[in-house]
Amino acid sequence: MSSTTLIFYVNGKKITENEPDPEMTLLSVIFSVLLHGLAVTTGEGIGSTRDRLHPVQERIAKAHGSQCGFCTPGMVMSMYALLRNTSKPSMKELEIAMQGNLCRCTGYRPIIEGYRTFTKEFGNEAVCGMVNLCLIIHSQEPIFPPELKLNDQFDKKTLKFINDRDVMWFRPIELKELLKFKQEHGTAAKIVCGNTEVGVEVKFKNFDYKFLANPSQNTRTK
């Protein structure tokens, strides 16, 4: 089975894009075309000053872990993801979860000081200036879309998106499809797992990729 439709969720809202542009970026369509069959939760989706801050947002603020603000969303969502998977993580798990998040302002100490209050090692210690910490209320957590949880329909489709410049984004589900794609397009075929390198090359080095393949969907042999 194959499809030219992109389906994903943002903060619980279902988004459907028919024949999406494979050159769409993070800025133009939240998280680009890597999202088919996935659920995206943003910082705004877990809490805000208009309603109620999530504890991971509150504690980084009370610990003065946010200065220029560029790294804050990544820090917040990394901690949020860790807590969704491990209710009481260790300091080691916290350090691993923060890997890849770069901060030039704080030196990381206030961020870690705020987030260590979630760890096993913290216990009942007091943190200077951090009183009346709000607790995680699981009934307020975003609900994972049942459509994604109950079936694997999105995982069983080969995806192919082509725009008016004939740029192709290809996500095969079988190894033979990926090998055929490489054979047909040779060195012009770019294998992509994540998009950082491609984004830099296109924006700053003027690379013009026409054939992009994402093999991350557990490519099967058949």
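The name given to the protein chain in an unreviewed UniProt entry is [2Fe-2S]-binding domain-containing protein, with the source organism recorded as Polypedilum vanderplanki.

**Q** Would you take a moment to explain the overall build of the protein chain for this structure?
**A** A tally of regular secondary structure across the protein chain gives 8 helices and 8 strands. Looking at the protein chain as a whole, 41% of its 222 residues qualify as buried. Contacts spanning at least 24 positions in sequence make up 60% of the contacts within the protein chain whose residues lie at least 6 apart.

**Q** Can you help me understand helix H3 (residues 72-85) in this one?
**A** Side chains of residues three or four places apart in an α-helix project in the same direction, reflecting 3.6 residues per turn. The end-to-end C-alpha distance of H3 is 20 Å, a good match for the 20 Å that 14 residues give at a rise of 1.5 Å each. Turning to H3, its buried residues number three or more, namely Thr-72, Met-75, Val-76, Met-77, Ser-78, Met-79, Tyr-80, Leu-82 and Leu-83. Elements in contact with the buried residues of H3: helix H1 (43-46), helix H2 (55-62), helix H4 (91-98) and helix H5 (109-115).

**Q** For this particular structure, what's the right way to read the sheet that holds strand E2 (residues 5-10)?
**A** Pairing between the strands of a sheet is mediated by backbone hydrogen bonds and can be parallel or antiparallel. One open sheet accounts for 3 strands, arranged E3-E2-E4; its pairing is mixed. Here the strands that pair on one side only, and so sit at the sheet edges, are strand E3 (13-18) and strand E4 (38-40). For this sheet, the mean inter-axis angle between neighbouring strands, taken without regard to orientation, is 30 degrees. In this structure, E2 lies alongside E4, joined through 3 bridges in parallel fashion. Its bridge partner being in E4, Val-10 is matched across the sheet by Val-40.

**Q** Explain unusual backbone geometry to me, please; I cannot follow it from the model alone.
**A** If you check the backbone angles, Glu-19 has positive phi at about 50 degrees while not being a glycine. Inspection of the secondary structure assignment puts Glu-19 in the loop between E3 and E4. Judged by its relative accessible area of 63%, Glu-19 falls in the exposed class. Not every positive phi belongs to a glycine, and Tyr-108 is a case in point at roughly 75 degrees.

**Q** Just checking my understanding: could you explain the side chain of Gln-57 for this structure?
**A** Summarising the element assignment, Gln-57 is placed in helix H2. Only 3.1 Å separates the side chain of Gln-57 from the backbone oxygen of Gly-47, close enough to count as a polar contact. Discounting chain neighbours no more than four positions away, the residues touching Gln-57 are Gly-43, Ile-46, Gly-47, Ser-48 and Val-76.

**Q** What am I meant to see in the sheet that holds strand E5 (residues 158-162) here?
**A** Spatial ordering of the open sheet is given by E1-E5-E6-E8-E7, a layout of 5 strands whose pairing is mixed. Two strands bound the open sheet, and with one partner strand each, they are strand E1 (2-3) and strand E7 (189-191). Across 3 bridges, strand E6 (residues 168-171) lies against strand E8 (residues 211-213) in parallel orientation. Bridging from a neighbouring strand, Trp-169 pairs with Leu-212 of E8.

**Q** How should the nonpolar core be read in this particular structure?
**A** Considering soluble globular proteins, one finds that nonpolar side chains tend to be buried as a cluster. Grouped together as the largest cluster of nonpolar side chains are 18 residues, with contacts concentrated most on Val-56, Met-75, Val-76, Met-79, Leu-94, Ile-111 and Tyr-115. Listed by contribution, the elements that provide at least two residues to this core are H2, H3, H4 and H5. Of all the elements, H3 adds the most residues to this core, at 7 residues. The residues touching Ile-111, leaving out its near neighbours within four places in the chain, are Ile-60, Gly-65, Cys-71, Met-75, Cys-103 and Thr-106. Membership of the second largest hydrophobic core comes to 12 residues, among which are Val-10, Leu-35, Val-40 and Leu-159.

**Q** In this structure, what is going on with the state of the cysteines? I would like to understand it.
**A** By definition, a disulfide links two cysteine residues through a covalent bond between their sulfur atoms. Enumeration over the complete set of coordinates arrives at 0 disulfides. Between Cys-103, a free cysteine, and Cys-71, which holds the nearest cysteine sulfur, the sulfur-to-sulfur gap is 3.7 Å. Judged by relative accessible area, which is 11%, Cys-103 ranks as buried. The cysteine Cys-105 is free of any disulfide, with Cys-68 supplying the nearest cysteine sulfur at 3.6 Å. For Cys-105, a relative accessible area of 36% puts it in the partly exposed group.

Rules behind the numbers
Residues numbered from 1 in each chain as written. Predicted model: local features only at pLDDT ≥ 70, side-chain atom pairs only at ≥ 80, totals over all residues. Heavy atoms only, no water. Helix = DSSP H or I, 4+ residues; strand = E, 2+ residues; numbered from the N terminus. Buried < 20%, exposed > 50% of the residue type's maximum accessible area, 1.4 Å probe, protein only. Contact = heavy atoms within 4.5 Å. Expected span 1.5 Å × (residues − 1). Pairing = 2+ DSSP bridges. Axes fitted to C-alpha atoms, helices over the stretch in contact; angles between N-to-C directions. Polar contact = N/O pair within 3.5 Å; in protein donor to acceptor, adjacent residues only side chain to side chain. Core = buried A, V, L, I, M, F, W, Y, C linked by side-chain atoms within 4.5 Å. Disulfide = S-S within 2.5 Å.

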